[in-house]
Amino acid sequence: MFALLKREVLLSIRAGGGTLTGVLFFLAVVSVFPFAVGPDTKLLSHLAPAILWIGALLASLLGLDKLFAQEREDGSLDLLVMQSHPLSITIFIKAFAHWLMTGLPLVLATPLFGIMLNLSPLGIGATMITLLAGTPAISFIGAVGAAVSVKLPRGGMLISILVLPLVIPILIFGVAAITGALEDPAPFTAPFLFVCAITLFTSVLGPLAASIMLRHSAD
Amino acid sequence: MKLIVENLSIHRATQEIVSDISFELSSGEALIVTGENGSGKSTTLRGIAGLMPLNTGSIKLLDEKGKQFEGEIREYCHYLGHQNGMKPSLTVRENLDFWQKFCGDPDLTIEEALDEVDLAHTIDLPFSYLSAGMKRRVSIARLLVSDRPVWIVDEPTAGLDAQSVRMFTGLCHAFCEGGGILIAATHLPLGIETEKTLEIGG
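These remarks concern the structure in this document. (Residues numbered from 1 in each chain as written. Chains lettered and ligands numbered in written order. Predicted model: local features only at pLDDT ≥ 70, side-chain atom pairs only at ≥ 80, totals over all residues.)

## Some thoughts on the overall build of chain A
Step number 1: In terms of regular secondary structure, chain A is built from nine helices and zero strands.
Step number 2: Start at the N end of chain A and walk to the C end: the helices and strands fall as α-α-α-α-α-α-α-α-α.
Step number 3: A compact globule built from 219 residues should have a C-alpha radius of gyration of about 17 Å, and chain A, at 18 Å, falls within 12% of that.
Step number 4: Overall size of chain A, expressed as C-alpha extent along the three principal axes, is 55 × 35 × 30 Å.
Step number 5: Relative to its full complement of 219 residues, chain A shows a buried share of 46%.
Step number 6: Partitioning the intrachain contacts of chain A with sequence separation of at least 6 by distance along the chain shows that 80% fall at a separation of at least 24. (Helix = DSSP H or I, 4+ residues; strand = E, 2+ residues; numbered from the N terminus. Rg over C-alpha atoms; globule rule 2.2 N^0.38 Å. Buried ≥ 20, exposed ≤ 12 C-beta atoms within 10 Å, placed from the backbone. Contact = placed C-beta atoms within 7 Å.)

Structure representation (structure tokens):
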């Protein structure tokens with residue numbers, strides 16, 4: 001299984017910088033917001049957690065369409081599903097590698113973009129922690145979308161449509177947790193624990209659902 | 001070791017592709033699946049490899065004592081389909097190394113396997129640099145790096161030159177002599193003595 005993780009990481013570095021595209025897309029989304037909102041720094045810092053979360057959410061969806069479709073194209077998918085390892089573990093590793101190369105760089109890039117949006121250091125810290133806890137869930141849910149659309153020639157759009165509604169709860173609790181950290185009466189721990197719970201829940205259910213889907217999409 | 005296939009039939013959507021296929025192979029035997037284009041050779045092979053749901057029929061893999069192997073048949077098979085299952089951006093060594101570790105049961109080392117297919121000099125080249133025939137030979141080398149008792153190969157010699165075809169039939173001979181079971185869909189006779197043929201369609 002470590003071999004699979006190593007291969008996925010190598011592939012995402014070699015195949016034209018999947019990591020960098022995610023961060024650049026994140027930058028693009030985040031940097032257009034101040035232009036739309038205007039020069040009101042107070043309003044901007046109030047909106048910053050939501051902007052960062054939406055940016056990270058959209059950037060995390062990148063590359064999901066390649067998760068299984070590319071494996072199917074070159075015939076690797078047949079060989080991956082034939083082995084004696086449980087297929088859900090294989091998918092878990094693939095989704096985890098996707099997060100490692102797409103989600104994690106976004107978390108690390110957050111301080112830079114937080115400053116751009118006039119977010120306080122405490123807010124930047126809270127955003128990083130909630131993104132760290134929440135973005136893996138996007139990859140795990142995304143694996144299900146990728147498995148559903150594996151046979152479709154232009155599946156990327158469909159994945160976004162399938163996945164976005166399912167990740168809304170993470171968005172709600174993620175942003176609520178940051179607001180909780182910044183404003184006094186609102187709690188931080190409760191929504192943050194919800195984010196963690198969703199990630200743990202999807203890390204089991206997502207690969208399992210995707211494995212059932214892949215087994216039945218044989219042709 | 002014995003592979004017993006009984007009354008196999010496979011549907012795609014509502015259409016029956018192949019029906020009532022039965023055969024029995026023991027260690028060291030090879031089955032050549034022949035038939036016209038579109039007669040269902042690949043479908044049959046994918047069905048045996050566990051990549052297509054079977055409509056009816058059963059596949060059993062028995063050991064010397066007649067006991068069934070644990071788990072699914074596909075775990076004991078090597079499958080070589082139309083595609084090579086290799087990543088173009090990784091080197092030949094990285095590709096084979098991954099499959100060896102992922103499939104388990106290491107047999108030949110990567111260097112030895114590439115020697116068998118006369119591609120030792122390409123070990124550090126990206127897979128995408130190779131010609132179509134060389135790519136095919138690398139995916140044949142994949143069959144050698146992990147030890148599996150059953151090989152299921154679909155048009156294995158597509159894109160290979162005459163010399164490489166001889167090399168491949170040589171490998172098949174050695175595999176069958178070592179007690180393996182080979183199922184191949186091909187138009188070229190492999191020239192293995194213990195060869196059976198299965199005509200599909202027709």
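## Description of the overall build of chain B
Step number 1: Counting its secondary structure elements, chain B contains five helices and eight strands.
Step number 2: Counting helices and strands in the order they occur from the N terminus, chain B gives β-β-β-α-β-β-α-α-α-β-α-β-β.
Step number 3: Relative to the compact-globule value of 17 Å for 202 residues, chain B shows a C-alpha radius of gyration of 17 Å, a close match.
Step number 4: Dimensions of chain B, computed from C-alpha atoms along their principal axes, come out at roughly 45 × 40 × 30 Å.
Step number 5: The proportion of buried residues among the 202 residues of chain B is 42%.
Step number 6: Pairs at least 24 apart in sequence give 71% of the contacts found in chain B among residues at least 6 apart.

## Observations regarding the interface of chain B and chain A
Step number 1: Tallying the contact residues gives 23 residues for chain B and 16 residues for chain A.
Step number 2: Those elements that provide at least two residues to the side of chain B that touches chain A are strand 5 (77–80) and helix 2 (92–103) of chain B.
Step number 3: Counting residues per element, the side of chain B that touches chain A draws most heavily on helix 2 of chain B, which supplies five residues.

## Quick notes on the packing of helix 2 of chain B against helix 4 (residues 132–145) of chain B
All names here are of chain B.
Step number 1: Where helix 2 contacts helix 4, the axes come no closer than 9 Å and their chain directions differ by 35°. Crossing of helix 2 against helix 4: the hand is right-handed. Contacts from V92, L96, W99 and Q100 in helix 2 reach V138, A141, R142 and V145 in helix 4.
Step number 2: Class assignment of the residues belonging to the contact of helix 2 with helix 4 gives a composition of six nonpolar, one polar and one charged. (Axes fitted to C-alpha atoms, helices over the stretch in contact; angles between N-to-C directions. Left-handed = near helix turned anticlockwise from the far one by under 90°. Nonpolar A, V, L, I, M, F, W, Y, C, P; charged D, E, K, R; others polar.)

## Topic: the sheet that holds strand 5 of chain B
Residues and elements named next belong to chain B.
Step number 1: The strand order 5-6-7-3-8 describes an open sheet built from five strands, whose pairing is parallel. Lying at the two open borders of the sheet, with one neighbouring strand each, are strand 5 and strand 8 (195–199). Averaged over all pairs of adjacent strands, the angle between their axes in this sheet comes to 15°, without regard to strand direction.
Step number 2: Strand direction decides the pairing type here: strand 6 (residues 150–154) and strand 7 (residues 181–185), joined by five bridges, are parallel. (Pairing = 2+ DSSP bridges.)

## Quick look at the nonpolar core
Step number 1: Counting 117 residues, the largest nonpolar core has A143 and A147 of chain A together with A141, I152, C172 and L182 of chain B as its most contacted members.
Step number 2: With 13 residues, helix 7 (residues 121–148) of chain A is the single largest residue contributor to this core.
Step number 3: Once residues lying within four places of it in the same chain are set aside, the contact partners of I152 of chain B are L45, I48, A49, C77, H78, Y79 and I183 of chain B. (Core = buried A, V, L, I, M, F, W, Y, C linked by C-beta atoms within 7 Å.)

## Considering helix 3 (residues 41–60) of chain A
Step number 1: Its 20 residues give helix 3 of chain A an end-to-end C-alpha distance of 27 Å, which sits within 8% of 28 Å, the value for a rise of 1.5 Å per residue.
Step number 2: At L47 of chain A, helix 3 of chain A shows its maximal kink, close to 50°; a proline, P49 of chain A, follows between one and four residues later. (Expected span 1.5 Å × (residues − 1). Bend = angle between axes of the 7 residues up to and from the residue.)

## Description of the sheet that holds strand 4 (residues 56–62) of chain B
Residues and elements named next belong to chain B.
Step number 1: The three strands are arranged 2-1-4 in an open sheet whose pairing can be described as antiparallel. Pairing within the sheet leaves two strands with one partner each, and these edge strands are strand 2 (15–26) and strand 4. Neighbour to neighbour, the strand axes of the sheet diverge by 15° on average, direction disregarded.
Step number 2: Judged from the six bridges that link them, strand 1 (residues 2–12) and strand 4 form a sheet pairing that is antiparallel. Bridge assignment links L3 to a residue of strand 4, and that residue is L61.

## Notes on the environment of N55 of chain B
Residue and element names in this part refer to chain B.
Step number 1: Along the chain, the position of N55 falls in the loop between helix 1 (41–48) and strand 4.
Step number 2: Separated by 80 residues in sequence, N55 and K135 place their C-alpha atoms 34 Å apart.
Step number 3: With sequence-adjacent residues up to four places away left out, N55 is seen in contact with S9, I10 and H11.

## Description of unusual backbone geometry
Step number 1: With a phi close to 60°, N118 of chain A is a non-glycine residue in the positive phi region.
Step number 2: With respect to the helices and strands, the residue N118 of chain A is situated in the loop between helix 6 (87–116) and helix 7.
Step number 3: For N118 of chain A, a count of 17 C-beta atoms within 10 Å puts it in the partly exposed group.
Step number 4: Within the chain, E155 of chain B stands out as a residue other than glycine whose phi angle is a positive 45°.
Step number 5: Mapped onto the secondary structure, E155 of chain B falls in the loop between strand 6 and helix 5 (162–177).
Step number 6: Look at E155 of chain B and you get partly exposed, because 18 C-beta atoms sit within 10 Å.

## Some thoughts on helix 4 of chain B
All names here are of chain B.
Step number 1: Look at helix 4: 21 Å from first C-alpha to last across 14 residues, which is about the 20 Å you get at 1.5 Å a residue.
Step number 2: Counting buried residues along helix 4, 11 of its 14 residues qualify, which places the element largely inside the surrounding structure.
Step number 3: Turning to helix 4, the residues buried within the fold contact strand 5, helix 2, helix 3 (110–116), strand 6 and helix 5.

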